Amino acid sequence: MLAVLSPGQGSQKPGFLAPWLDLDGVEARLRWWSALAGVDLIHLGTRADADEIKDTARTQPLLVAAALLAAEHLPMHDVALVAGHSVGELGAAALAGVLPAEAAVTLAGVRGHEMAAACALEPTGMAAVLGGDPDEVLAALQSHGLHPANRNGAGQIVAAGAIDGLDKLAAEPPARTRIIRLQVAGAFHTPYMAPAEAALAAVAAGVTASAPARILLSNLDGAPVGHGPETLQRLVRQVTAPVRWDLCMRTLADLGVTGVIELPPAGTLAGLVKRELKGEGAPEIVTLNTPADLPAARRLIARHAGPARPYTPWFRVVVSPAAGRLARAAEATVGAGVRAGQVLGHVTGAQGPVEVTAHDNGLLTEWLAHHDDPVAPGQPLVRIGGTH
């Protein structure tokens, strides 16, 4: 079974698109997409320096365009699964048939512009936490008021939040960890990006989304998404929600993926997959960076193409047991594993607090009510997902 992966911000390199412009039709396509995204993709992909393409407003549409251009030169009809990291998920959604390519590039342009604007509202940042015990790392982040913006697997959690919180984390790192400050404009995938999510939602409301034609994994919980409008909602919500790439890789392993192609600019996701899915049964990997890599990618597809293993996602909704105000349990966070009977929170009304409990083992995929919201009996509060 074959997976094609679309990388996210931070993977770009100066001039990485230059070799692709030698292919017929690529330059014209980039000019058209530049008009949609509001940036000069040809300049950014060929002549711009590292500082210029580090700009969020420019980087995001550039990465989506690069992935889509390269995929046009692959036999994608033989690919069973696609996934993308952060903004790369827009490219993956287009490759899955959920969005037209033009819509993906347009949304990437809006997303990048609005996230850059949100970053300017207050000083925030991100830092990679390498190594350590995951629970201890998450507890340290919470104690400093930080968010786990990316959980990338292979011993890597990315912290995001206020600059003073990141400074405290660097001064008091969890045991057996190394802290690397990331050169980004702000705290992506956290509540600090709420204005950008709202702006993207307003544009996305005019986009028609189709059901995926192949398996498309969601950054929210690593599960396949089978409904077009839900996919679009998740793409919008991803702006403030953590990227659970660790769960996406778990699904790659669960499905028995044997071959992986990373689209340009390739290397980052391939490295994570290589470190996480190792040993017997590790997938064969091709990093597609230039047209010279296309023959190797096509041969990999020929070797690993085949029908996907049945993988049926299920969801259960937990409803409010009473009228009152909702208090969510601190550990009941989106993407966390839950077990049947686990207390996810309480609803406190006239008769006192009543427990909200999970009915199945699975992953907490979405809260449907906010902390301290007034809720009614039977009102949906939280969604739990899993697979058969």
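Above this text is the structure in question.
None of the values given here were measured: they were computed from a predicted structure. (Residues numbered from 1 in each chain as written. Predicted model: local features only at pLDDT ≥ 70, side-chain atom pairs only at ≥ 80, totals over all residues. Heavy atoms only, no water.)

1. Let's talk about the overall build of the protein chain
If you tally the helices and strands in the protein chain, you get 13 helices and 17 strands. For 388 residues, the compact-globule estimate of 2.2 N^0.38 gives 21 Å, and the C-alpha radius of gyration of the protein chain, at 21 Å, lies within 12% of that figure. Seen along its three principal axes, the alpha-carbon backbone of the protein chain occupies a region of about 70 × 45 × 45 Å. Residues classed as buried in the protein chain amount to 52% of the 388 residues present. Within the structure as shown, the protein chain displays about 15900 Å² of accessible surface, and the carbon and sulfur contribution to it stands at 53%. When the 29 basic and 36 acidic side-chain charges of the protein chain are each reduced to a single mean position, those positions are 3 Å apart. (Helix = DSSP H or I, 4+ residues; strand = E, 2+ residues; numbered from the N terminus. Rg over C-alpha atoms; globule rule 2.2 N^0.38 Å. Buried < 20%, exposed > 50% of the residue type's maximum accessible area, 1.4 Å probe, protein only. Areas by Shrake-Rupley, 256 points an atom, 1.4 Å probe, with all protein chains shown as cover. Lys, Arg positive; Asp, Glu negative; His and termini not counted. Charge placed at Lys NZ, Arg CZ, Asp CG, Glu CD.)

2. A word on the nonpolar core
Grouped together as the largest cluster of nonpolar side chains are 71 residues, with contacts concentrated most on Leu30, Val82, Leu99, Ile261 and Leu263. In terms of residue count, helix 4 (residues 56-71) provides more of this core than any other element does, 10 residues in total. Residues within four places of Leu263 in sequence aside, it is in contact with Val4, Leu5, Pro7, Ala67, Ala70, Ala71, Leu74, Leu95 and Leu288. Listed in part, the 20 residues of the second largest apolar core include Leu5, Ala80, Val243 and Cys248. (Core = buried A, V, L, I, M, F, W, Y, C linked by side-chain atoms within 4.5 Å. Contact = heavy atoms within 4.5 Å.)

3. Points about the pairing of strand 8 (residues 259-262)
Burial along strand 8 is two-sided: Gly259 and Ile261 and Val260 and Glu262, pointing in opposite directions, are all buried. Of the strand pairs in this sheet, strand 8 and strand 9 (residues 284-287) are connected by 4 bridges, and their pairing is parallel. Pairing of Gly259 across the sheet is with Glu284, part of strand 9. You can see the chain leave strand 8, run along helix 12 (residues 268-276) and come back into strand 9, and the turn it takes is right-handed. (Pairing = 2+ DSSP bridges. Right-handed = clockwise from strand over helix to strand, strands pointing away.)

4. Things to note about the environment of Leu74
Assignment of secondary structure puts Leu74 in the loop between helix 4 and strand 2 (81-84). With a relative accessible area of 8%, Leu74 lands in the buried category. The spacing of Leu74 and Ala205 is 131 residues in sequence and 31 Å in space, taken between C-alpha atoms. Apart from the residues lying within four places of it in its own chain, the contact partners of Leu74 are Leu263, Leu288, Leu294, Ala297, Arg298 and Ile301.

5. Digging into helix 9 (residues 194-204)
For helix 9, every residue scored as buried is listed here: Ala196, Leu200 and Ala204. Angular distribution of buried residues about the axis of helix 9 spans 70 degrees; they occupy a single face of the element. If you follow the buried residues of helix 9, they end up packed against helix 6 (101-119) and helix 10 (228-237). (Arc of directions from axis to C-beta.)

6. So, a nonpolar patch on the surface
Together, Val317, Val319 and Leu368 line one region of the surface with nonpolar side chains, adding up to about 220 Å² of accessible area. Mapped onto the elements of the fold, Val317 is located in strand 10 (residues 313-319). Val317 sits in the partly exposed class, given a relative accessible area of 42%. (Patch = residues over 30% accessible without salt bridge, like charges linked within 9 Å, V, L, I, M, F, W, Y side chains within 5 Å. Salt bridge = Lys/Arg side-chain N within 4 Å of Asp/Glu carboxyl O.)

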